[in-house]
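As a plain string of letters, each chain reads:
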Amino acid sequence: MGEKKHSQRVKGEGNGTNSDVFASCSFSSLGLDSNLCEQLRERLGFEVPTLVQAQAIPVILSGRHALINAATGTGKTVAYLAPIIHHLQSCDNRVQRSDGTFALVLVPTRELCLQVYEILQKLLHRFHWIVPGYIMGGENRSKEKARLRKGISILIATPGRLLDHLKNTTSFMYSNLRWIIFDEADRILELGFGRDIEEIIDLLGSRKTRHDDQENTVPRNSKIQRQNLLLSATLNEKVNHLAKISLDNPVMVGLDGKKIEPISTIESLDPSESDEDKYSSKVPIVGDYNVPIQLIQRYMKVPCGSRLPVLLSILKHLFEREPSQKVVVFFSTCDAVDFHYSLLSEFQFSPYPKTEEGTHQIFIGCKTFRLHGNMEQEDRRNSFQTFKTEKSALLLSTDVSARGLDFPKVKCIIQYDSPGEATEYVHRVGRTARLGERGESLLFLQPVEIDYLQDLEKHGVSLTEYPALKMFDSFPLYGQKNLAKKSAFIDSHPWVLCLQKALEVFIMSKPKMDELAKKAFCSWVRAYTAHRGDLKRIFMIKKLHLGHVAKSFALKQQPSLVGQSFQKQTKKRKIFEKKKNRLPKRRKVTSV
Ligand SMILES: Nc1ncnc2c1ncn2[C@@H]1O[C@H](COP(=O)(O)OP(=O)(O)OP(=O)(O)O)[C@@H](O)[C@H]1O
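What you see is a predicted model, and the numbers here were worked out from it, not measured in a lab. (Residues numbered from 1 in each chain as written. Predicted model: local features only at pLDDT ≥ 70, side-chain atom pairs only at ≥ 80, totals over all residues. Heavy atoms only, no water.)

Peer 1: Describe the confidence of the model for the chain, with residues and values.
Peer 2: Should pLDDT be low for a region, the predicted coordinates there are not to be read in detail. Taken as a whole, the chain shows an average pLDDT of 84; of its residues, 79% reach a score of 70 or greater. Within the model, the stretch residues 1-15 combines pLDDT values under 50 with 35 contacts to residues more than four positions away or in other chains. Complex prediction metrics read pTM 0.83 and ipTM 0.99. (pLDDT = per-residue confidence, 0-100. Contact = heavy atoms within 4.5 Å.)

What follows is the structure in structure tokens.
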């Protein structure tokens, strides 16, 4: 077994040691059914458990509630799915569809819903009588109703759609419900689903009260013991609150040595505080975040007006250095994703004068995908599935991809727009360096934003500077590899200047691109003003030159119309927020 474990680790090629990732035991020694262990090996290729699986599986098998915290990409999904399947497959009377739902997995996004569902399908291959299923926003409600009527044993759901069915689908049977799992719990709450979650917990009769269950709308079936599990790679005040109301005397998995408020003291949180207080992260808990140790984390200080040519240069450099690789770039808004996606698909450039070798080529010649919350569901699904299977590709995305998504073999994460809270940083970089593999990340910061590094430092995350100038010097300009006039500054580097000019000419020549650029500019400014709490001090729109921001969308000037429409939108947003002041604050003002 030891040898098998080792070969698996070698496959990972990471820099950490084998024992950083995998446990020195077998799945069967954790108490899992032998058939299930076979499934894990045959269908998923898992020979031995990861450390978090080795810790969590026995706890979950014992029936205890649990709060599981482990680094991104360490195998939390199987840690909770395997024990549930173990119990369901071993029931004396085989579970039937007419028994309804036994386990409910709540996830923040549609993509994560599909991802968990796929793993579940593989694990259930030998246990065909246990039916997996999912319900989520963007899908056809009546078809979902029909599936629920037939019965789904293990159900994966996004919160909004689940609540909808709990209220409106009378044939949805959940009286046998035994497990509720909150996967990526902090993200569910950050997305503003706090109230939905509380309502769901109440409707399912799973709220833990100090005295008894008298507040439950549905009396708990005394024969069925509930077991709730909460999983997250980062912990904060919001997760603590959810733990407080949903977990009964939980076992903490993976929290050794963390400076985190123990659950017992969370009980004393002021019960009179508003929902906004409960779910805001104004009092973040300081503690080291779980970043994979083999991840190389870098930042680059880029003046605002040069951001775009720098991004394109980095991408070109990465794909020329290693043509077969996958890269994810994070943006703050859907419009920014759309703009950069169209730009990368169309922008042609040659560093040579037109008369010479000057046939213009697409600047970055790799397959490019986009993913964000404003896309049609079908396109969203296609992007997600295809990027997963590609060997070499680029994904441009909002934070919709930041949590839980497992894209194999992503080598590099670029955070072009800053992530906001440190937790978001950790989750974004967590899309690479998974399960001991190598990975690198690059954070773009403007000179006025550089204090953000201190904020990350407080959470034990430290970055080194990326040698950008060296990279620009390596690009041929007018046929010369070593530029005679090198520059000590990014924004006056001949390569950057030349590329910026070409980008501006390109945008001016394409009305559709110009429109996309303006729209993206507006949303970017709105998103920038939506930073919360302490981060407002770092990401201050007043500190920015809007003309330079416009330049970062290859717009020569900041068009006056843009300013007006921005003001209108801000006014609209304020009215909207007033109306919704009962709901928790959200940093993002547009969909992700
Ligand atoms: N025991 C195992 N052996 C080999 N590979 C595994 C094992 N367990 C999980 N994996 C693989 O590791 C990767 C990460 O797993 P998973 O997505 O469950 O991690 P996670 O901890 O939930 O990550 P995140 O915090 O980002 O959601 C997946 O590709 C999964 O297939």
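Peer 1: Could you give me a rundown of the sheet that holds strand β2 (residues 103-106), with the residues and numbers involved?
Peer 2: Reading across the sheet, the 7 strands line up as β3-β4-β2-β5-β6-β1-β7 and stay open at both edges, with parallel pairing between neighbours. The sheet is open, and its two edges are formed by β3 (132-135) and β7 (251-253), each paired on a single side. Ignoring which end each strand starts from, the neighbouring axes of this sheet average 15° apart. Where β3 and strand β4 (residues 154-157) come together, 4 bridges link them in parallel fashion. Among the inter-strand pairings, Pro132 is bridged to a residue of β4, identified as Ile154. Seen against the sheet, helix α4 (residues 51-61) touches β1 (66-69), β6 (227-232) and β7 and runs at an angle of roughly 165° to β7. In the packing of helix α9 (residues 185-203) onto the sheet, contacts are made with β2, β5 (179-182) and β6, and the angle to β6 comes to roughly 160°. (Pairing = 2+ DSSP bridges. Helix = DSSP H or I, 4+ residues; strand = E, 2+ residues; numbered from the N terminus. Axes fitted to C-alpha atoms, helices over the stretch in contact; angles between N-to-C directions.)

Peer 1: Residue-level account of the packing of helix α13 (residues 307-321) against helix α19 (residues 494-509), with values.
Peer 2: Two numbers describe how α13 lies on α19: the axes approach to 9 Å, and their chain directions differ by 105°. Taken together, α13 and α19 sit at an angle that is classed as roughly perpendicular. Two secondary-structure elements touch here, α13 through Leu308, Pro309, Leu312 and Ser313 and α19 through Trp495, Val496, Leu499, Gln500 and Leu503. For the contact of α13 with α19, the per-class residue count stands at 7 nonpolar, 2 polar and no charged. (Parallel < 35°, antiparallel > 145°, perpendicular 65-115°, else oblique. Nonpolar A, V, L, I, M, F, W, Y, C, P; charged D, E, K, R; others polar.)

Peer 1: Kindly report on the site of the ligand, identifying the contributing residues and their values.
Peer 2: Looking at the ligand, there are 21 residues lining it, with Val48, Lys76, Thr77, Glu184 and Asp406 nearest. Within the side chain of Thr77, a nitrogen or oxygen atom sits 2.7 Å from an oxygen atom of the ligand. With respect to the ligand, the side chain of Glu184 contributes an N or O atom lying 2.8 Å from an oxygen atom. In isolation the ligand has 640 Å² of accessible area, and contact with the protein removes 88% of it. (Near = heavy atom within 4 Å. Polar contact = N/O pair within 3.5 Å; in protein donor to acceptor, adjacent residues only side chain to side chain. Areas by Shrake-Rupley, 256 points an atom, 1.4 Å probe, with all protein chains shown as cover.)

Peer 1: Mind laying out the UniProt feature "domain: DEAD-box RNA helicase Q" (unreviewed entry) in the chain, listing which residues take part and the relevant values?
Peer 2: The positions UniProt marks with the feature "domain: DEAD-box RNA helicase Q" (unreviewed entry) are residues 25-54. As annotated, residues 25-54 comprises 43% helix and 0% strand, and the C-alpha atoms at either end are separated by 8 Å. (UniProt positions renumbered as here; feature names shortened; annotations may be inferred.)

Peer 1: Now, about helix α7 (residues 141-150): what can you tell me, with residues and values included?
Peer 2: Residue Asn140 occupies the N-cap position of α7, its side-chain oxygen lying 2.9 Å from the main-chain nitrogen of Ser142. Looking one or two places after α7, you find Gly151, whose phi comes out positive at around 110°.

Peer 1: How would you summarise the pairing of strand β8 (residues 295-301) if you had to cite specific residues and measurements?
Peer 2: Along a regular strand, successive side chains alternate from one face of the sheet to the other. As judged from the 7 bridges shared by β8 and strand β15 (residues 439-445), these two strands associate in the parallel manner. Its bridge partner lying in β15, Tyr299 is registered against Leu443.

Peer 1: Got a sec to walk through the packing of aromatic side chains? Specific residues and values, please.
Peer 2: Applying the stated rule across the entire model yields 20 aromatic pairs. Ring centres of Phe521 and Phe553 lie 6.3 Å apart, and the angle between their planes is 90°; this geometry places the pair in the edge-to-face category. Residue Phe521 is located in helix α20 (residues 511-529), and its partner Phe553 is located in the loop between α22 (546-551) and α23 (560-579); the two are separated by 32 residues in the primary sequence. Note on accessibility: Phe521 and Phe553 belong to one class, buried. Grouping aromatic residues by their ring pairs yields a cluster made of Phe347, Phe349, Phe363, Phe475, Trp495 and Phe506. Between Arg307 and the ring centre of Tyr416, over which it is positioned, the NZ or CZ distance is 4.0 Å. Above the ring of Phe363, the side-chain terminus of Lys316 is found at 4.7 Å from the ring centroid. (Phe/Tyr/Trp six-rings, centres within 6.5 Å; stacked < 30°, edge-to-face > 60°. Buried < 20%, exposed > 50% of the residue type's maximum accessible area, 1.4 Å probe, protein only. Lys NZ or Arg CZ within 6 Å of the ring centre and 35° of its normal.)

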